[in-house]
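Letter by letter, the chains look like this.
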Amino acid sequence: MKILVIGSGGREHALVWKLARSPHTTQLWCAPGNAGIAQERLAGNGAPVECAAIGAEDLSALLAFAQAQKADLTVVGPDNPLALGIVDLFQKHGLRIWGVNQKAAQFESSKVFSQQFMEKYGIPTAAAGTFDNVNAAKQFTATLGGRCVVKADGLALGKGVLICANQAEAEKAVDEIMVDKAFGAAGARVVIQEYLDGVEVSMHALCDGRVAKIFPTSQDHKRALDGDLGLNTGGMGTYSPTPFLTDAQLAEAAQKILVPFMHGCQAEGIDYRGLLYPGIMLTAAGPKVLEFNARFGDPETQVYLTRLENDLAELLTASAEGTLSSHELQWSPTASVCVVMASGGYPGSYPKGKTIRGLAEAAAMPNTKVFHAGTALKGGEIVTNGGRVLGVTAWAKDLPAAQAAAYRAVETIAFEGAQFRRDIAAKALK
Ligand code: AMP
Ligand code: GLY
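The structure displayed is predicted, hence computed values, not measured ones.

*Asks:* Can you lay out the sheet that holds strand β9 (residues 190–194) for me, pointing to particular residues and giving the numbers?
*Replies:* A sheet is described by the order of its strands in space; here four strands give the open sequence β6-β9-β7-β8, paired in antiparallel fashion. With partners counted over all chains shown, the strands left at the sheet margins are β6 (128–131) and β8 (161–164), one partner each. Along the sheet, successive strands turn relative to each other by an average axial angle of 15°, direction set aside. Bridge analysis of β6 against β9 gives four bridges, and the strand direction is antiparallel. Bridging across to β9, Phe131 finds its partner in Val190. Of the strands in this sheet, β6, β7 (148–152) and β9 touch helix α7 (residues 134–143), which is tilted by about 165° from β6.

*Asks:* Lay out the site of ligand 1 in plain terms, naming residues and giving numbers.
*Replies:* The environment of ligand 1 is made up of 14 residues, and the closest members are Lys151, Glu194, Leu196, Glu200 and Glu291. For ligand 1, an oxygen atom lies 3.2 Å from a polar atom in the side chain of Lys111. For ligand 1, a nitrogen atom lies 3.0 Å from a polar atom in the backbone of Glu194. Coverage of ligand 1 by the protein chains reaches 91% of its 470 Å² of free accessible surface. Among the secondary structure elements, those contributing two or more residues to the shell around ligand 1 are β7, β8, β9 and β18 (286–293). Of the residues that constitute the shell around ligand 1, the class distribution is seven nonpolar, one polar and six charged.

*Asks:* Go over the nonpolar core with me, naming the residues and quoting the values.
*Replies:* With 49 residues, the main nonpolar core has Ile86, Phe261 and Tyr272 as its most contacted residues. The element that contributes the greatest number of residues to this core is helix α9 (residues 247–268), accounting for eight residues. When sequence neighbours within four positions are dropped, the list of residues in contact with Tyr272 reads Val100, Ala104, Phe107, Cys207, Asp208, Gly209, Phe261, Met262, Cys265, Asn293 and Ala294. Formed by 35 residues, the second largest nonpolar core is a distinct cluster that contains Trp17, Leu73, Phe215 and Tyr277.

*Asks:* Break down the pattern of salt bridges for me, with residues and values.
*Replies:* This structure, assessed with the given rule, holds 19 salt bridges. Note that Lys120 is salt-bridged to Glu268, the shortest N-O span being 2.7 Å. Linking Lys120 in helix α6 (residues 111–120) with Glu268 in helix α9, this pair joins segments that are 148 residues apart in sequence. Since its relative accessible area comes to 58%, Lys120 is described here as exposed.

*Asks:* Go over unusual backbone geometry with me, naming the residues and quoting the values.
*Replies:* Here the amide bond leading from Ala31 into Pro32 is cis, since omega sits at -5°, within 30 degrees of zero. In this structure, Pro32 sits in strand β2 (residues 27–32). Cis peptide bonds are those with omega within 30 degrees of zero, and the linkage from Tyr346 to Pro347 qualifies with 10°. The phi dihedral of Lys70 is positive, around 55°, even though this residue is not glycine. Looking at the element boundaries, Lys70 is found in the loop between α2 (59–69) and β4 (73–76).

*Asks:* Report on the layout of surface pockets, specifying residues and quantitative values.
*Replies:* Of the pockets and cavities examined, the second largest pocket occupies roughly 280 Å³. Together, 16 residues line the second largest pocket, and Gln39, Leu359, Ala363, Lys369 and Val370 are the ones closest to its centre. Only α12 (359–363) and β20 (368–372) provide two or more residues apiece to the lining of the second largest pocket. Of the residues contributing to the lining of the second largest pocket, the split by class is eight nonpolar, six polar and two charged.

*Asks:* Summarise the site of ligand 2; cite the residues concerned and give the values.
*Replies:* Neighbouring residues of ligand 2: Asp220, Lys222, Gly234, Tyr277, Arg295, Gly297, Asp298, Pro299 and Glu300. Side-chain polar atom of Asp220 to a nitrogen atom of ligand 2: 2.8 Å apart, as the coordinates give it. Glu300 is positioned with one of its side-chain polar atoms (N or O) 2.7 Å from a nitrogen atom of ligand 2. For ligand 2, whose free accessible area comes to 200 Å², the fraction covered by protein is 88%. Among the residues forming the shell around ligand 2, the class breakdown is two nonpolar, two polar and five charged.

*Asks:* Report on the packing of α7 against helix α8 (residues 167–179), specifying residues and quantitative values.
*Replies:* Put simply, α7 and α8 touch, their axes get as near as 10 Å, and they point 155° apart. Comparing the axis directions of α7 and α8 gives the class roughly antiparallel. α8 is crossed by α7, and the crossing has right-handed handedness. Across the interface between the two elements, Val134, Ala137, Lys138, Thr141 and Ala142 of α7 pack against Gln167, Ala170, Glu171, Val174, Asp175, Met178 and Val179 of α8. In terms of residue class, the contact of α7 with α8 is made up of seven nonpolar, two polar and three charged.

*Asks:* Hey, could you go over the pairing of β9 for me, with residue numbers and the actual values?
*Replies:* Within β9, four of the five residues are buried, which leaves the element mostly enclosed by the surrounding structure. Across five bridges, the pairing between β7 and β9 is antiparallel. Residue Cys148 lies in a different strand from β9, and its bridge partner there is Glu194.

Quick notes on the rules
Residues numbered from 1 in each chain as written. Chains lettered and ligands numbered in written order. Predicted model: local features only at pLDDT ≥ 70, side-chain atom pairs only at ≥ 80, totals over all residues. Heavy atoms only, no water. Pairing = 2+ DSSP bridges. Helix = DSSP H or I, 4+ residues; strand = E, 2+ residues; numbered from the N terminus. Axes fitted to C-alpha atoms, helices over the stretch in contact; angles between N-to-C directions. Contact = heavy atoms within 4.5 Å. Near = heavy atom within 4 Å. Polar contact = N/O pair within 3.5 Å; in protein donor to acceptor, adjacent residues only side chain to side chain. Areas by Shrake-Rupley, 256 points an atom, 1.4 Å probe, with all protein chains shown as cover. Nonpolar A, V, L, I, M, F, W, Y, C, P; charged D, E, K, R; others polar. Core = buried A, V, L, I, M, F, W, Y, C linked by side-chain atoms within 4.5 Å. Buried < 20%, exposed > 50% of the residue type's maximum accessible area, 1.4 Å probe, protein only. Salt bridge = Lys/Arg side-chain N within 4 Å of Asp/Glu carboxyl O. 1 Å grid on protein atoms, 1.4 Å probe; cavity = no way out; pocket = protein on both sides within 12 Å on 5 of 7 lines; lining within 4 Å. Points joined across faces, edges and corners; volume = space filled by probe spheres on them. Parallel < 35°, antiparallel > 145°, perpendicular 65-115°, else oblique. Left-handed = near helix turned anticlockwise from the far one by under 90°.

Have a look at this one:
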């Protein structure tokens, strides 16, 4: 099976790494990939993974590449190509592709769409209103005492969510998004949710249009600094499983969220094949959905795929073809921890091109995998090339051992200005 993976981050490195272990995989490309992805080899025939210099949003070039190479399966990592309709395009040309189609991608590309869907189909979520009028939006925040979260409707690189403590902040947030257009057209409409207190966890489910197979629990660390301080980021580290949700609570959450979700999709004519990633707040009144993502999480993928025992090529094919019901997801009983090493300054501006040392030492450590995110090869050296640079991942019999192993690997790696959190998974161990 010849497979093309689209994307260039840590999530895509994890997808490539896992697909490369499948005996079905005979050739594997990644567009555009990164320096770590280019070092992978296929378990079946030893062939190297090839990076193709095509951007993840260059839909026509990706289509031409998949056609020319006769790819049997294309796997889409990031949200943007999904929202642009890459799945619809490939299907129109008779190519097999894994990921949600454009209609299903709306769950992530439009927060208004998601909020209205959740309310219509009884999925537990925050009390909320959706607005395209500034005054109506401000009147609504007042009914919440100003303690609320104002969200730009469209994709805003994870930045279009403003958390407000009082009415003055809420009005400022509404103005910023709707009047000053801080996130461009994404802010023409807003969702305003009540502020929910609780512990936040990530939920993932693989869907095939009919069934949704839930993953174990995991938790991301979105803030830049230890103790959940600092700015919001794409995610500074993850671990799985998380003790904040028992197996019974996870099953209950699945019942309350995934069942009405799949029912609603059928009622609305949405063929949801791909990954569903609801962000969940565990509140005193039970789990509530904050948002839906229509793709694998990054860095959730790094901890999930180091625990997944199934053949990923088989699973993604079944998800694309609607035959998931004949597969049981199998997870190793180990715990996995991923610590993101980022460039100094991230999530603000940061330098690129810093030499990364110690990768070979980390690669030699048992039950450890360094997934690359923002890296490039320059003059024979691997250098930094993005905000999130590496996802240093380790797995072990339990969470304390996995955490210790991940940080041992982090300690062997160095680049100028490297920043990482020292408390990934610490909340779970208190
Ligand atoms: P979102 O992109 O909608 O997941 O929002 C980004 C982050 O804002 C989430 O990961 C939460 O930490 C926080 N957040 C979003 N909605 C709420 C809410 N209703 N109450 C409290 N925090 C929220
Ligand atoms: N881990 C956060 C995200 O993938 O959106």
